[in-house]
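This is what each chain is made of:
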Amino acid sequence: MRTVTKDNITDVFMAYLAEDTDPRMREVMGAMVKHLHDFAREVNLTHEEWRTGIAFLEGCAAVETPDRHEFVLASDVLGLSSLVDMLHSSAEATSSSVLGPFHVSGAPALEVGGDMKRHYGGPLLLAEGTIRDTDGNPIAGAELDIWQTAHNGLYASQDEEQDTYSFHGLMTVGEDGRYAFTTVKPVEYTVPSDGPVGDILRACGRHPWRPSHLHYIIKAPGFKTLVTEIFPDDDPYLDHDTVFGVRDDLVMTYVEKPGSDFPDGMAISGQVSDPFLHVEFDVVLACAD
Ligand code: BEZ
Ligand code: FE
């Protein structure tokens, strides 16, 4: 087709695709370009606005490093990462939630009942639960990868005061599927807002805060790996998570208990006299496809 118009340009684009283009590529690329073209027509996109968009992408590329993923952050604050998560979350399993950029591989092993708080400050939290299949049976040998901020709102990789792997742990559950660990109550924190994504948040009158959370990745042979988070129900940002990660079944009450109620069988049993927080969070994994 030689004569391209604003009305036929989407069809022309599709006609340019080679006949043997992979069918999924044709579907995804075709839909993306159709929505891009419709978007430009709908808002009557100006040259200046188009240049601003391109400058945003260039700005993301300029600050991108192995430790800083500005494109992923852009996807997070636009809600795309969470939407993709929700599209592929199993209805009968625990909801998934954003991975975020602070997961590290090589976290140290943490025994069931182990302690991640160590000498770090902040309120003591005991988190425990059972990892189950969708019929309610415990999943023996499931692997739980845990990470979170310290009480200052910083992940270990952001904070020179912390050890490389502080508040990161890898736990393998026993026959009963139970996990348990002590840690510090995480706090709400801001996503990086000193780059182009921060400019977008400010331009839209949005804040960069996330509600406090514990991150989990749970893996077990024969089951779909689950990337998720747990949120306390009293967090001020629960209804305004800047990356849209909150789901109803991930919001839990952290119950304050007297030190005398601290259970046996934990690494720090016998050392707790002050009140502590307790959260029970069971996780359900879906069968692998
Ligand atoms: C996080 O929870 O670690 C996170 C998620 C998305 C963007 C930034 C941080
Ligand atoms: Fe996080």
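An account of the accompanying structure is given in this report. Bear in mind the structure is a predicted one, so any value in this text is a computation, not a measurement. (Residues numbered from 1 in each chain as written. Chains lettered and ligands numbered in written order. Predicted model: local features only at pLDDT ≥ 70, side-chain atom pairs only at ≥ 80, totals over all residues. Heavy atoms only, no water.)

Looking at where Glu-64 falls in the secondary structure, it is placed in the loop between helix H3 (47-63) and helix H4 (70-77). Separated by 118 residues in the primary sequence, Glu-64 and Thr-182 place their C-alpha atoms 35 Å from one another. In contact with Glu-64, other than residues within four places in its own chain, are His-69, Glu-70 and Phe-71. (Helix = DSSP H or I, 4+ residues; strand = E, 2+ residues; numbered from the N terminus. Contact = heavy atoms within 4.5 Å.)

Let us now look at the packing of aromatic side chains. The final tally for this structure, using the stated rule, is nine aromatic pairs. Taken together, a centroid distance of 5.5 Å and an interplanar angle of 85 degrees make the contact between Tyr-179 and Tyr-216 edge-to-face. Linking Tyr-179 in strand E5 (residues 178-184) with Tyr-216 in strand E8 (residues 214-219), this pair joins segments that are 37 residues apart in sequence. Both residues of the pair, Tyr-179 and Tyr-216, count as buried. Between Phe-181 and Tyr-216 the ring centres are 6.3 Å apart and the planes differ by 70 degrees, which places this aromatic pair in the edge-to-face class. Pair noted here: Phe-181 is in strand E5 and Tyr-216 is in strand E8, with a separation of 35 residues, a long-range link. The same class applies to Phe-181 and to Tyr-216, which are both buried. (Phe/Tyr/Trp six-rings, centres within 6.5 Å; stacked < 30°, edge-to-face > 60°. Buried < 20%, exposed > 50% of the residue type's maximum accessible area, 1.4 Å probe, protein only.)

In this section: H3. Note on helix geometry: an α-helix contains 3.6 residues per turn, so any two residues three or four positions apart are oriented the same way. With 17 residues, H3 ought to run about 24 Å at 1.5 Å a step, and its terminal C-alpha atoms sit 25 Å apart, in line with that. Here H3 has its buried residues at Phe-56, Gly-59 and Cys-60. Along the long axis of H3, the arc covered by the buried residues comes to 100 degrees, so they all point the same way. In H3, the exposed residues that point more than 90 degrees away from the buried face are His-47, Glu-58 and Ala-62. Contacts from the buried residues of H3 go to H4 and helix H6 (196-203). (Expected span 1.5 Å × (residues − 1). Arc of directions from axis to C-beta.)

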